[in-house]
Amino acid sequence: MGSTKHPLTAQEVILLDTAISKIDRTTNKGAWLYKALKVFRYTGLHSSALYRPEANIREINQAGTLIIVWSRPMKGAKKGVKNYWKEVKGVPKSQHLDFDVSEFYQDNLRSKRKNSAWKQLIYDRLQVFGKEIGIPELSPNTLRHTAFMIFFEMGIPEIDISDMTGTSIKTIREYYNRMGPKSRAELMKKQGW
């Protein structure tokens, strides 16, 4: 599995969104892929959160706004503590998430797949889809970092992005200028959060 983490360019995001809208959701595989891509794209969720019970993904109502909340793995956050997960503040549910994210998560938990098989399945399905649409480096991490950059471009302060998604400000700063001014303008023009 590759470890590309760079966010997509604005042109790639537009290409991705168009391709997602054309997925045949009448099949189980198509419906699953559609939901997985949308969740990664609009939340910045860590891929392991889709299949691990520790993630506890749920939609909660905070003062009239639906927020998608989850816990994420925190490698090395507590010395000597293995399998440490920390809850993030969550991301307001995008209007583009046209399904219940917590139900999708619960469906995944009912699977008998082992964690390593889940990890490979997610990566493989995203890679195949990415290659088919002309984004060969598509992965959960590229979509996670793309979400961070879109939040950044929307004017959300770094500290809030960090709290919402459980990423470090260092990571946000490492990738935030990948899109460039022209790409940002195109993307923001197309965005209807």
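Residues numbered from 1 in each chain as written. Predicted model: local features only at pLDDT ≥ 70, side-chain atom pairs only at ≥ 80, totals over all residues. Heavy atoms only, no water.

### Regarding the overall build of the chain
This is how the line gets drawn: The helix count covers DSSP runs of H or I at least four residues long, the strand count covers runs of E at least two residues long, and both are numbered beginning at the N terminus. The criterion used for residue contact is that any of the two residues' heavy atoms lie within 4.5 Å. With residues, only the protein chains shown are counted as cover, and all accessible areas are computed by Shrake-Rupley using a 1.4 Å probe.
The helix and strand tally for the chain stands at 8 helices and 5 strands. Starting at the N terminus, the α and β elements of the chain follow one another as α-α-β-β-β-β-β-α-α-α-α-α-α. For the chain, the share of sequence-separated contacts (at least 6 apart) that also reach a separation of at least 24 residues comes to 64%. Just so you have it, the chain exposes about 10100 Å², and 50% of that area is on carbon and sulfur atoms.

### Digging into the packing of aromatic side chains
Note the threshold: Here the aromatic set is Phe, Tyr and Trp, taking the six-membered ring for Trp, and pairing holds for ring centres within 6.5 Å; pairs whose planes are under 30 degrees apart are stacked, those over 60 apart are edge-to-face, and all others are tilted. Under the scheme applied here, a residue whose accessible area is under 20% of the maximum for its type counts as buried, over 50% as exposed, and between as partly exposed, the area being computed with a 1.4 Å probe on protein chains only. Comment: the charge-over-ring label is applied if NZ (Lys) or CZ (Arg) is within 6 Å of the ring centre and within 35 degrees of the ring normal.
Considering all chains together, one arrives at 5 aromatic pairs under this definition. Aromatic side chains Trp32 and Trp118 sit 6.2 Å apart centroid to centroid with 35° between the ring planes, which places their arrangement in the tilted category. Of this pair, Trp32 sits in helix α2 (residues 28-43) while Trp118 sits in helix α4 (residues 115-133), and the two are 86 residues apart along the sequence. Trp118 matches Trp32 in its accessibility class, with the two residues each being buried. By way of ring pairs, the aromatic residues Trp32, Tyr34, Tyr51, Phe99, Phe104 and Trp118 are connected into one cluster. Taking NZ or CZ as reference, Arg25 lies 4.0 Å from the ring centre of Tyr34, over its face. Taking the ring centre of Tyr42 as reference, the NZ or CZ of Arg41 above it sits at 4.3 Å.

### Describing the pairing of strand β1 (residues 58-62)
So the rule is basically this: Strand pairing follows a simple DSSP-based rule, namely that at least 2 bridges must link the two strands.
Pairing between β1 and strand β2 (residues 65-69): 5 bridges, direction antiparallel. The residue of β2 that forms the bridge with Arg58 is Val69. What sits between the antiparallel neighbours β1 and β2 is a turn of 2 residues, in which Ala63 has the positive phi angle 55°.

### Regarding the sheet that holds β2
Pairing between the strands of a sheet is mediated by backbone hydrogen bonds and can be parallel or antiparallel. If you trace the 3 strands from one edge of the open sheet to the other, you get β1-β2-β5, paired in antiparallel fashion. Only two strands of the sheet have a single partner each, and these edge strands are β1 and β5 (91-92).

### Focus: α4
Selection criterion: Here, expected helix span is obtained from the residue count minus one, scaled by 1.5 Å.
Between the first and last C-alpha of α4 there are 27 Å, a value that for 19 residues agrees with the 27 Å anticipated at 1.5 Å per step. The inward-facing, buried residues of α4 contact α1 (10-21), α2, α3 (101-109) and α5 (140-153). Immediately downstream of α4, the backbone of Gly134 shows phi near 95°, a positive value.

### Quick look at the environment of Glu158
The residue Glu158 is located in helix α6 (residues 158-165) in this model. Its relative accessible area of 17% is what places Glu158 among the buried residues. C-alpha of Glu158 to C-alpha of Ile169: the two residues are 11 residues apart in sequence and 6.1 Å apart in space. Ignoring sequence-local partners within four residues, the contact set of Glu158 consists of Phe152, Ile169, Ile172 and Arg173.

### What about α2?
For α2, spanning 16 residues, the distance from its first C-alpha to its last is 22 Å, which sits close to the expected 22 Å at 1.5 Å a residue. Buried residues dominate α2, accounting for 12 of its 16 residues. By the burial criterion, the buried members of α2 are Gly30, Trp32, Leu33, Tyr34, Ala36, Leu37, Lys38, Val39, Phe40, Arg41, Tyr42 and Thr43. The positive-phi residue at the C-terminal boundary of α2 is Gly44, with phi of around 80°.

### Comments concerning the pattern of salt bridges
Worth spelling out the cut-off: Salt bridges are defined as contacts in which a side-chain nitrogen from Lys or Arg sits within 4 Å of a carboxyl oxygen from Asp or Glu.
All told, the structure shown has 7 salt bridges when counted by the stated rule. Across the pair Asp107 and Arg110 runs a salt bridge whose closest N-O atoms are separated by 2.4 Å.

### Here's the deal with the nonpolar core
Cut-off, in case you're wondering: Joining through side-chain atoms within 4.5 Å is the link that ties buried Ala, Val, Leu, Ile, Met, Phe, Trp, Tyr and Cys residues into a set, and such a set is a nonpolar core.
Counting residues in hydrophobic clusters, the biggest one holds 47 residues, and the most contacted among them are Leu16, Trp32, Leu37, Leu50, Ile57 and Phe129. Looking at this core, the element that brings in the most residues is α2, giving 8 residues. Contact partners of Leu16, with chain neighbours within four places excluded, come to Leu8, Leu37, Arg41, Phe129, Ile133, Ile135, Leu138 and Leu143.

### With respect to the confidence of the model for the chain
Regions with low pLDDT should not have their predicted coordinates read in detail. Defined as follows: Scored from 0 to 100, pLDDT records how confident the predictor is in each individual residue.
Per-residue pLDDT for the chain averages 86, and the proportion of residues at 70 or more is 83%. In the model of the chain, helix α8 (residues 180-190) stands out as the element of lowest mean pLDDT, 54, in contrast to α2, which has the highest, 97.

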